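Here is how the chains run, residue by residue.
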Amino acid sequence: MTTSAVVSDDKIPNNVHLSSDKRLQRALEQWLPNYLSWWQDVGPEGFQARDVYLRTAISVETDGWAHFDYVKMPDYRWGIFLVPPEEGKTIGFGDHMGQPVWNEVPGEYRNMLRRIIVTQADTEPASVEQQRLLGKTAPSLYDMRNLFQVNVEEGRHLWAMVYLLQSYFGKDGREEAEALLERRSGDQDKPRILGAFNQPITTWLDFFFFTMFTDRDGKFQLYALSESGFDPLARTTRFMLTEEAHHMFVGETGVDRVVARTAQIMQSGKDVEAEGGVPLPVLQKYLNLWFSLSEDLFGGEISSNAADFFASGLKGRYKEAQYDDHKVLSGDYRMTVLEGGALVEKDVPLRTAMNEVLRDNYVEDCQRAVDKWNRTLDKHGQSERLVLPHRRFHRQQGLFSMGNGVWFDPAGRRIDEAAWLAGKAAWLPSAADVAYVESLMKSTIGPGQIASWVAPPTRGINGQPFEFQYVR
Ligand code: BYC
């Protein structure tokens, strides 16, 4: 097990010249033991000594970022990788558009930039904490391995952000790096920063919907940050996206396999619960929960923070190059807002609507996946359909937040609090639903075995069969 705090290129694969950067080495050497004890305390419980068939990034080259081998999780080599810099790169949007990208923190934006990096960083350890008990109820060895892959890579993503804090933000960056190991998901006194990252993940259904919807927020946020004029952030997040794709794959195909299993049982004419499956209405409720929690991660519909992030060139849009106007000094965004209790259409300055623009891209991508799940239902002769709830449903941030005393049903219609309370158990997992889904969660990890509530995957990892001993 890695316990000593010697930082070397061999231990920490990197392309940031770590071995010649004494200041960074010293900072990391202080942080590493705390990181490792955090990992032992609140990382995957019960499996730290197992060999797991993991993918490790050992370089940014195409043959180096996906190196597969058996590794014990505490020995995973948490690397630091940035995509290579581009010669002559300029800022692609906002007030500084066309100026050379920054390789040092621009003084006037220091606080804003640190805040963006800390918010992003905070989600990574939070997700590991949320998922720490799931290994014990894995539906197959294949799934268990995917869980641990996601966990170690979220750990690496924390490293990626801590590298930025320690390299570019001096003393307060080092303090923020320590604080990232002190907050805890769901803790009353020291919670994680964003809502969804304090939500318990007690079942694999939560995990699949989390990696589907919440990791997908990560995709869009990372894309937006990969446009940043602060080039080290852009290059770091660009590389993180290569790993993030697998996390979303785990979620999207995971839900699809649950849908497939449910549909198979329905097609056979048997009772879904009697066969140990998840009834479609329960799946729909978990979908409603995690989609709405994840929508909150885009922030308010109208946000001066978002306008400032864009104006300063720190955070762009999803694939900024797809737009014609990168300054956005004029132009409006038409959105529905609440005025005097009524829903009305209103034009707001586009810069202030950047959270909503990103959410639009996100919702479209989520709809694509839901369409795919519905094709799976169709393939098994089922006419029922899963649907994305309206974006006003069950919100806790922004204009339609329930905290503002407004409630909406899954179709987006305004309802009063009594109707919300009466409808809630039909729209979101009830205590009985949670108890039922929890009752399905049993460790099913003999080679080739699979739990009753999920179909096996169509193929294994890295060309290996499903029956492969992914964890031993
Ligand atoms: N929960 O101006 P507003 C990932 C706060 S996921 C709690 O509308 P803004 C991953 C907000 O901070 C991607 N608080 O928000 C996935 C503000 O506070 P102050 C993570 C919230 O700033 C799975 C106030 O409400 N990356 O990588 O425009 C596994 C007013 O808000 C929430 C990022 O988030 C919330 N949901 O936008 C592992 C990117 N939403 O100023 C990893 C970096 C808002 O009143 N972060 N608030 O104290 C950002 O770009 C922005 O901070 C946000 C919020 C988009 C999150």
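Note that this is a predicted model, so its numbers are computed, not measured. (Residues numbered from 1 in each chain as written. Predicted model: local features only at pLDDT ≥ 70, side-chain atom pairs only at ≥ 80, totals over all residues. Heavy atoms only, no water.)

Engineer: So what exactly am I meant to see when it comes to the nonpolar core here?
Structural biologist: Side chains that are nonpolar tend, in soluble globular proteins, to be buried together. One finds Y35, F209, F213, W373 and W453 to be the most contacted residues of the largest nonpolar core, which totals 127 residues. Here this core gets 16 residues from one element, more than from any other, and that element is helix 3 (residues 141-168). Once residues lying within four places of it in the same chain are set aside, the contact partners of F209 are T214, V255, L283, Y286, L287, W290 and W373. In this structure, F93, A306, Y333 and M335 belong to the second largest nonpolar core, which totals 12 residues. (Core = buried A, V, L, I, M, F, W, Y, C linked by side-chain atoms within 4.5 Å. Buried < 20%, exposed > 50% of the residue type's maximum accessible area, 1.4 Å probe, protein only. Helix = DSSP H or I, 4+ residues; strand = E, 2+ residues; numbered from the N terminus. Contact = heavy atoms within 4.5 Å.)

Engineer: When you look at the site of the ligand in this model, what are you seeing that I'm missing?
Structural biologist: Taken together, 30 residues lie near the ligand, and Q120, G195, G300, S303 and K315 sit nearest. In the environment of the ligand, an oxygen atom lies 2.5 Å from a nitrogen or oxygen atom belonging to the backbone of G300. With respect to the ligand, the side chain of S303 contributes an N or O atom lying 2.7 Å from an oxygen atom. Burial of the ligand by the protein chains amounts to 81% of its free accessible area of 1,100 Å². If you map the ligand onto the pockets, it falls in the largest pocket. (Near = heavy atom within 4 Å. Polar contact = N/O pair within 3.5 Å; in protein donor to acceptor, adjacent residues only side chain to side chain. Areas by Shrake-Rupley, 256 points an atom, 1.4 Å probe, with all protein chains shown as cover. 1 Å grid on protein atoms, 1.4 Å probe; cavity = no way out; pocket = protein on both sides within 12 Å on 5 of 7 lines; lining within 4 Å. Sits in = over half its atoms within 2 Å of the grid points.)

Engineer: Would you take a moment to explain the packing of aromatic side chains for this structure?
Structural biologist: The relative placement of two aromatic rings is captured by the distance of their centres and the angle of their planes. One pass over the structure, following the stated rule, counts 41 aromatic pairs. For the pair F207 and F208, a centre-to-centre distance of 5.9 Å together with 40 degrees between the ring planes defines the contact as tilted. Among the aromatic residues, those joined into a ring-pair cluster are F209, F213, F220, Y223, F291, F298, Y318, Y362 and W373. Lying over the aromatic face of Y70, R472 brings its terminal NZ or CZ to 3.5 Å of the ring centre. (Phe/Tyr/Trp six-rings, centres within 6.5 Å; stacked < 30°, edge-to-face > 60°. Lys NZ or Arg CZ within 6 Å of the ring centre and 35° of its normal.)

Engineer: How should I be thinking about unusual backbone geometry in this particular structure?
Structural biologist: Excluding glycine, a negative phi dihedral is what most residues carry, and trans is how most peptide bonds are arranged. Although it is not a glycine, K319 adopts a positive phi angle of roughly 45 degrees. In this structure K319 comes out as partly exposed when scored by relative accessible area, which is 39%. The phi angle at V328 is positive, at roughly 50 degrees, despite the residue not being glycine. Residue position: V328 is located in the loop between helix 8 (304-311) and strand 3 (332-339).

Engineer: Can you help me understand empty space enclosed by the protein in this one?
Structural biologist: In this approach, a probe sized like a water molecule rolls over the atoms, and the result shows the empty space that is left. For the coordinates displayed, the defined rule picks out 1 cavity of 30 Å³ or more. Taken as a whole, the largest cavity holds about 90 Å³ of empty space. In terms of lining, the largest cavity is formed by Q221, F298, A306, F309, F310, K315, G316, M354, N355 and L358. Of all elements in the fold, only helix 8 and helix 9 (354-379) reach the threshold of two or more residues within the lining of the largest cavity. (Points joined across faces, edges and corners; volume = space filled by probe spheres on them.)

Engineer: When you look at the pairing of strand 4 (residues 342-349) in this model, what are you seeing that I'm missing?
Structural biologist: Moving residue by residue along a regular strand, the side chains alternate between the two faces of the sheet. Looking at chain direction, strand 3 and strand 4 are connected through 8 bridges and run antiparallel. Paired with R334 across the strands is D347, a residue of strand 4. Hairpin connection, strand 3 to strand 4: the antiparallel pair is bridged by 2 residues, and G340 has positive phi, about 55 degrees. (Pairing = 2+ DSSP bridges.)

Engineer: I would appreciate a short explanation of the side chain of R257 in the present structure.
Structural biologist: Its place among the elements puts R257 in helix 6 (residues 231-267). Of the polar contacts made by the side chain of R257, one reaches the side chain of D143; its length is 2.9 Å. Within the structure, the side chain of R257 is placed 2.7 Å from the backbone oxygen of A455, a separation counted as a polar contact. What R257 contacts, discounting residues up to four positions off in sequence, is Y142, D143, F208, I450, V454, A455, P456 and P457.

Engineer: I would appreciate a short explanation of the environment of G276 in the present structure.
Structural biologist: Along the chain, G276 turns up in the loop between helix 6 and helix 7 (280-295). Given the relative accessible area of 12%, G276 is considered buried. Taking the C-alpha atoms as reference, G276 lies 5.7 Å from W453; in sequence the two are 177 residues apart. Not counting the four nearest positions on each side in its chain, G276 is found in contact with Y436, L440, S452 and W453.

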